[in-house]
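# Residue-level structural notes
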Amino acid sequence: FRRVRKREMAREVADWIQTEARAHYVADGPIDHWATLEGTLDRNGDDCDGLELLVYHFLRDLGFDDSEVYRAIVVRRSDGQHHMVTFWFEEAGDPWVIDPTGAMVSGMPRMSDIPGWEPLKIFSETEEFSARPVAAR
(Lines give C-alpha, C1' and ligand atoms only; values in the text may rest on other atoms or scores of the structure.)
Protein backbone atom coordinates (compact mmCIF):
# COMPACT_ATOMS: atom_id res chain seq x y z
CA PHE A 1 0.00 0.00 0.00
CA ARG A 2 2.76 2.45 0.92
CA ARG A 3 4.60 1.89 -2.34
CA VAL A 4 1.45 2.52 -4.39
CA ARG A 5 0.61 5.62 -2.33
CA LYS A 6 4.13 7.04 -2.74
CA ARG A 7 3.86 6.65 -6.51
CA GLU A 8 0.47 8.37 -6.47
CA MET A 9 1.86 11.26 -4.40
CA ALA A 10 4.91 11.64 -6.66
CA ARG A 11 2.69 11.65 -9.77
CA GLU A 12 0.41 14.24 -8.16
CA VAL A 13 3.45 16.44 -7.46
CA ALA A 14 4.61 16.02 -11.08
CA ASP A 15 1.18 16.95 -12.44
CA TRP A 16 0.92 19.92 -10.08
CA ILE A 17 4.34 21.43 -10.86
CA GLN A 18 3.99 20.95 -14.61
CA THR A 19 0.64 22.74 -14.51
CA GLU A 20 1.94 25.54 -12.27
CA ALA A 21 5.10 26.01 -14.36
CA ARG A 22 2.99 27.41 -17.19
CA ALA A 23 2.14 30.42 -15.04
CA HIS A 24 5.31 30.64 -12.93
CA TYR A 25 8.18 29.95 -15.32
CA VAL A 26 10.54 32.94 -15.29
CA ALA A 27 13.57 32.69 -17.57
CA ASP A 28 16.93 33.85 -16.22
CA GLY A 29 17.90 35.64 -19.40
CA PRO A 30 21.38 35.51 -20.92
CA ILE A 31 23.12 34.66 -17.62
CA ASP A 32 21.96 31.61 -15.70
CA HIS A 33 21.72 31.92 -11.93
CA TRP A 34 21.06 29.18 -9.40
CA ALA A 35 17.85 29.79 -7.59
CA THR A 36 17.24 29.36 -3.90
CA LEU A 37 13.97 28.09 -2.50
CA GLU A 38 13.36 31.44 -0.81
CA GLY A 39 14.14 33.35 -4.01
CA THR A 40 11.78 31.16 -6.04
CA LEU A 41 8.98 31.73 -3.54
CA ASP A 42 9.69 35.49 -3.31
CA ARG A 43 9.71 35.85 -7.11
CA ASN A 44 6.60 33.67 -7.43
CA GLY A 45 8.47 31.58 -9.99
CA ASP A 46 11.79 30.80 -11.61
CA ASP A 47 13.29 28.73 -14.39
CA CYS A 48 13.80 24.96 -14.21
CA ASP A 49 16.29 25.02 -11.33
CA GLY A 50 14.02 27.09 -9.09
CA LEU A 51 10.87 25.15 -9.94
CA GLU A 52 12.78 21.89 -9.44
CA LEU A 53 13.64 23.04 -5.90
CA LEU A 54 9.91 23.13 -5.16
CA VAL A 55 9.55 19.50 -6.28
CA TYR A 56 12.61 18.36 -4.33
CA HIS A 57 11.46 20.01 -1.10
CA PHE A 58 7.83 19.04 -1.57
CA LEU A 59 8.72 15.35 -1.87
CA ARG A 60 10.98 15.59 1.17
CA ASP A 61 8.18 17.30 3.14
CA LEU A 62 5.81 14.48 2.10
CA GLY A 63 8.12 11.97 3.77
CA PHE A 64 10.29 10.77 0.90
CA ASP A 65 13.67 9.82 2.35
CA ASP A 66 16.80 11.83 1.59
CA SER A 67 18.40 8.63 0.29
CA GLU A 68 15.82 8.35 -2.49
CA VAL A 69 15.16 11.93 -3.71
CA TYR A 70 17.86 13.82 -5.59
CA ARG A 71 18.24 16.85 -7.79
CA ALA A 72 19.74 16.17 -11.22
CA ILE A 73 21.35 18.13 -14.02
CA VAL A 74 20.62 16.34 -17.29
CA VAL A 75 21.91 17.01 -20.79
CA ARG A 76 20.73 16.32 -24.31
CA ARG A 77 24.00 15.72 -26.17
CA SER A 78 22.48 16.30 -29.61
CA ASP A 79 22.18 20.05 -28.98
CA GLY A 80 23.91 20.60 -25.63
CA GLN A 81 20.67 21.54 -23.85
CA HIS A 82 20.95 21.31 -20.04
CA HIS A 83 17.99 20.98 -17.70
CA MET A 84 17.18 20.41 -14.00
CA VAL A 85 14.88 17.63 -12.84
CA THR A 86 14.14 15.68 -9.68
CA PHE A 87 15.05 11.98 -9.50
CA TRP A 88 13.14 9.65 -7.22
CA PHE A 89 14.95 6.36 -6.72
CA GLU A 90 12.10 4.12 -5.67
CA GLU A 91 14.68 1.40 -6.20
CA ALA A 92 18.32 1.63 -7.25
CA GLY A 93 19.31 1.95 -10.87
CA ASP A 94 16.52 3.61 -12.83
CA PRO A 95 14.93 6.64 -11.16
CA TRP A 96 11.55 8.17 -11.81
CA VAL A 97 11.97 11.62 -13.36
CA ILE A 98 9.90 14.66 -12.41
CA ASP A 99 10.56 17.47 -14.88
CA PRO A 100 9.16 20.64 -13.29
CA THR A 101 8.59 22.48 -16.56
CA GLY A 102 7.71 19.58 -18.84
CA ALA A 103 10.41 20.77 -21.28
CA MET A 104 12.12 17.38 -21.25
CA VAL A 105 9.19 15.11 -20.52
CA SER A 106 5.70 15.25 -19.04
CA GLY A 107 4.28 12.96 -16.44
CA MET A 108 6.69 10.85 -14.40
CA PRO A 109 8.57 8.32 -16.56
CA ARG A 110 11.68 6.38 -15.64
CA MET A 111 14.98 7.80 -16.88
CA SER A 112 15.47 4.77 -19.14
CA ASP A 113 12.26 5.73 -20.98
CA ILE A 114 13.55 9.18 -22.00
CA PRO A 115 15.69 8.88 -25.14
CA GLY A 116 18.41 11.41 -25.85
CA TRP A 117 18.83 12.72 -22.30
CA GLU A 118 21.41 11.61 -19.74
CA PRO A 119 22.29 12.71 -16.21
CA LEU A 120 25.48 14.71 -15.59
CA LYS A 121 25.24 15.43 -11.85
CA ILE A 122 22.98 13.94 -9.23
CA PHE A 123 22.97 15.61 -5.83
CA SER A 124 21.17 16.34 -2.61
CA GLU A 125 21.87 18.63 0.30
CA THR A 126 24.55 16.22 1.56
CA GLU A 127 25.75 14.15 -1.43
CA GLU A 128 26.93 14.70 -5.00
CA PHE A 129 27.55 12.18 -7.76
CA SER A 130 28.90 12.51 -11.30
CA ALA A 131 27.03 10.29 -13.70
CA ARG A 132 28.67 8.32 -16.46
CA PRO A 133 27.15 6.11 -19.15
CA VAL A 134 26.97 2.42 -18.34
CA ALA A 135 28.84 0.26 -20.85
CA ALA A 136 26.70 -2.10 -22.91
CA ARG A 137 27.09 -5.74 -21.93
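Before reading on, note that the structure itself is shown above.
A brief report on the enclosed structure follows. All of these numbers come straight from a predicted model, not from anything done at the bench.

## Some thoughts on the sheet that holds strand β5 (residues 128-130)
- On the basis of which strands lie adjacent, the open sheet formed by five strands has the order β3-β2-β1-β4-β5 and antiparallel pairing. The open sheet has two edge strands, β3 (96-98) and β5, and neither has a second partner. Each strand of the sheet is rotated relative to its neighbour by a mean of 40°, with strand direction disregarded.
- Relative to β5, strand β4 (residues 117-123) runs antiparallel, the two sharing three bridges. Within β5, the position partnered with Lys121 by the bridge is Ser130.
- Docked against the sheet, helix α1 (residues 2-24) engages β2 (81-88) and β3, running at close to 30° with respect to β3.

## Concerning the layout of surface pockets
- Approximately 320 Å³ is the volume found for the second largest pocket.
- Forming the walls of the second largest pocket are 18 residues, and the residues nearest its centre are Cys48, Gln81, His82, His83 and Met84.
- Elements with a minimum of two residues in the lining of the second largest pocket: α3 (48-61), β1 (69-76) and β2.
- By residue number, the principal contributor to the lining of the second largest pocket is β2, which donates four residues.
- Its residues assigned to classes, the lining of the second largest pocket comprises eight nonpolar, five polar and five charged.

## A short note on α1
- Here α1 is 23 residues long and its end C-alpha atoms lie 32 Å apart, about the 33 Å a rise of 1.5 Å per residue gives.
- Within α1 the residues assigned to the buried category are Met9, Ala10, Val13, Ala14, Ile17, Gln18, Ala21 and His24.
- Where α1 is buried, its residues touch α3, β2 and β3.

Parameters at a glance
Residues numbered from 1 in each chain as written. Predicted model: local features only at pLDDT ≥ 70, side-chain atom pairs only at ≥ 80, totals over all residues. Heavy atoms only, no water. Pairing = 2+ DSSP bridges. Helix = DSSP H or I, 4+ residues; strand = E, 2+ residues; numbered from the N terminus. Axes fitted to C-alpha atoms, helices over the stretch in contact; angles between N-to-C directions. Contact = heavy atoms within 4.5 Å. 1 Å grid on protein atoms, 1.4 Å probe; cavity = no way out; pocket = protein on both sides within 12 Å on 5 of 7 lines; lining within 4 Å. Points joined across faces, edges and corners; volume = space filled by probe spheres on them. Nonpolar A, V, L, I, M, F, W, Y, C, P; charged D, E, K, R; others polar. Expected span 1.5 Å × (residues − 1). Buried < 20%, exposed > 50% of the residue type's maximum accessible area, 1.4 Å probe, protein only.

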